[in-house]
Amino acid sequence: MYSRRAVVTRVEDENGEGPVALEEEFPMASEDEFLEDATDVISPFSPGSFFADRFRLGAPLGTGGMGAVFKAEDLMDQRPVAIKILLKGAQDEHARQRFERESEILASIDHPGIVSILRHGYATQRRIPWLAMELLEGDTVASLQRALAEPLEPDLAAYVVAECAAGLHAAHTLTDAEGRSLDVVHRDVTPHNVFVTLDGRVKLIDFGVARAAQRITTTQSGVIKGKFAYMSPEQLRDQRVDHRSDQFSLGVVLFELLTRRRLFARSNQGATVHAVVSEEAPPPSTLRPGLPPALDAICQRALAKRPEERFADCDAMRAALNEYLGTSTGEARVRERLAGLMTLSFPEARGRASSSGQLVGEASSAATGPSIHPRPKPRRPLWIALGIALAIGAAAGL
């Protein structure tokens, strides 16, 4: 029995009014508990069953308040995948819209920095929404932070954020068939939605609250979607946001990776909103002396209160981070060290094959050194996959 708890911030109450912040815990069910719930609400989905003329369901990976995720086999491509299904009890119009929005956006993006969707559709006469995604072994940046006793090395933090910036830029520059911008904005860039695989790849996940201009229905007026401590000032003011809002959120992630300190989180949501809107972010080096000035400058620019004072786009932010990496140790070596850190932080996974086919642990020797100190504490049994993160993301309000 594997269990995992996640603190989820919702900013929409049960009547569709907001903002209101709720902190909840979503335990990952045991397999028996999951099946008892899942077979009732999403029958005929069950391990061993087939659907869409292509997939055979395997073990359940997890369930959240609204979504369930199975490991499955793609019989056409002969590879494991994650199948995400909207639970019957969550199939109101709002939940369906969010699920469909995530499916449409992910299906439109082909980029190594964003989890790829293989297929999506509706199953059975009840039209249960589902999507099939690549299955990844690893964990979120939030989990990695908790596993470590100190902040990430500057190079590793810069690499993670640079890869996220590349994925975001791919989303931001999506166009329709006629070449018109879709104006996609993720709106929920947080450490919980940045996924690191065991071989050092970085993936942005959970586009469930993303906004695309071409959709008729996006966000109800007056309802703020996302997590307050990572929102941009314009998002908290409920103003129209563009790609630069995601850049601000990514700047918060970079600051927290470098310092292991929450930047804007306060004791209550009102104080958090005030901090984001009114308080200037200090340079990371004020909390972690010795950080390179280049990272201070990148952080400060991404965290500018006025969107026009930030980088022109996430690609420019990535270029600045890669320039820093190029003058330190180089991007390829940093990825090897990140893979080694994942192996050290999650030793139960050593020797298993990752979804890319590389044997986990091959790069672990690159991670040795005085700067990497995983926190010495017993860890939960490890079957970490993208499906777990997706289930928790679903619980945050599809």
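All values reported here derive from a predicted model rather than from experimental measurement.

### Thoughts on the nonpolar core
Judged by nonpolar contacts, the single largest core of 76 residues is most densely connected at Phe264 and Leu321. With 12 residues, helix 4 (residues 154–172) is the single largest residue contributor to this core. Once residues within four sequence positions are removed from consideration, Phe264 is found in contact with Ala229, Phe248, Val252, Thr272, Ala275, Val276, Glu279, Ala281, Leu303 and Lys305. Ranked by size, the runner-up nonpolar core spans 12 residues in total, among them Phe51, Ala123, Trp130 and Ala132.

### Describing the environment of Val273
Here Val273 is to be found in helix 7 (residues 269–278). Exposure remark for Val273: the relative accessible area of 25% places this residue in the partly exposed category. With 41 residues separating them along the chain, Val273 and Ser232 place their C-alpha atoms 9.6 Å apart. Those residues within four positions of Val273 in sequence are excluded, and the remaining contacts are Phe228 and Leu236.

### Section: the sheet that holds strand 11 (residues 202–204)
Ordered by their spatial adjacency, 3 strands build an open sheet running 9-10-11, and the pairing between neighbours is antiparallel. Of all strands in the sheet, those bounded by a partner on one side alone are strand 9 (138–140) and strand 11. This sheet shows a mean twist of 25° between the axes of neighbouring strands, independent of strand direction. Bridge count for strand 9 against strand 10 (residues 194–197) is 3 bridges, and the pairing is antiparallel.

### Quick word on the pairing of strand 4 (residues 55–63)
Looking along a regular strand, one sees side chains alternate from face to face of the sheet. Pairing of strand 3 (residues 50–51) with strand 4 involves 2 bridges; the strand directions are antiparallel. The residue bridging Phe50 from the neighbouring strand is Arg56, located in strand 4. Between the antiparallel neighbours strand 3 and strand 4 lie 3 residues, among them Ala52 with a positive phi of about 60°. The pairing of strand 4 with strand 5 (residues 67–74) spans 6 bridges and is classified as antiparallel. Bridging across to strand 5, Thr63 finds its partner in Ala68.

### Regarding the packing of helix 6 (residues 243–259) against helix 8 (residues 293–302)
Their axes nearest at 8 Å, the elements helix 6 and helix 8 cross at an angle of 145°. As for the relative orientation of helix 6 and helix 8, their crossing is left-handed in sense. Contacts between helix 6 and helix 8 involve Gln247, Phe248, Gly251, Leu254, Phe255 and Leu258 from the first element and Leu295, Ile298, Cys299 and Ala302 from the second. Residues that form the contact of helix 6 with helix 8 fall into these classes: 8 nonpolar, 2 polar and no charged.

### Overview of helix 9 (residues 314–326)
Here helix 9 spans 18 Å end to end across 13 residues, near enough to the 18 Å set by a 1.5 Å rise per residue. Of all the positions in helix 9, only Cys314, Met317, Ala320, Leu321, Tyr324 and Leu325 are classed as buried. Across the axial projection of helix 9, the buried residues extend over an arc of 140°, all falling on one side. Away from its buried face by more than 90 degrees, helix 9 exposes Glu323 and Gly326. Next to the buried residues of helix 9 lie helix 4, helix 6, helix 8 and helix 10 (331–345).

### With respect to helix 2 (residues 93–108)
Side chains three or four residues apart in an α-helix point the same way, a direct result of the helix having 3.6 residues per turn. Under the 1.5 Å per step criterion, the end-to-end length of helix 2 is 22 Å for 16 residues, consistent within 8% with the ideal 22 Å. Buried residues of helix 2: Ala95, Arg96, Gln97, Arg98, Phe99, Arg101, Glu102, Ser103, Ile105 and Leu106, and no others.

### Comments concerning the packing of aromatic side chains
Under the definition given, this model contains 2 aromatic pairs. Where Phe248 meets Phe264, the ring centres are 6.0 Å apart and the plane angle is 10°; that geometry is what we call stacked. Taken together, the residues span a long stretch of sequence, with Phe248 in helix 6 and Phe264 in the loop between helix 6 and helix 7 at a distance of 16 residues. The buried category is assigned to Phe248, whose relative accessible area is 0%.

How each quantity is defined
Residues numbered from 1 in each chain as written. Predicted model: local features only at pLDDT ≥ 70, side-chain atom pairs only at ≥ 80, totals over all residues. Heavy atoms only, no water. Core = buried A, V, L, I, M, F, W, Y, C linked by side-chain atoms within 4.5 Å. Buried < 20%, exposed > 50% of the residue type's maximum accessible area, 1.4 Å probe, protein only. Helix = DSSP H or I, 4+ residues; strand = E, 2+ residues; numbered from the N terminus. Contact = heavy atoms within 4.5 Å. Pairing = 2+ DSSP bridges. Axes fitted to C-alpha atoms, helices over the stretch in contact; angles between N-to-C directions. Left-handed = near helix turned anticlockwise from the far one by under 90°. Nonpolar A, V, L, I, M, F, W, Y, C, P; charged D, E, K, R; others polar. Expected span 1.5 Å × (residues − 1). Arc of directions from axis to C-beta. Phe/Tyr/Trp six-rings, centres within 6.5 Å; stacked < 30°, edge-to-face > 60°.

The values reported here are purely geometric and, on their own, carry no functional implication.
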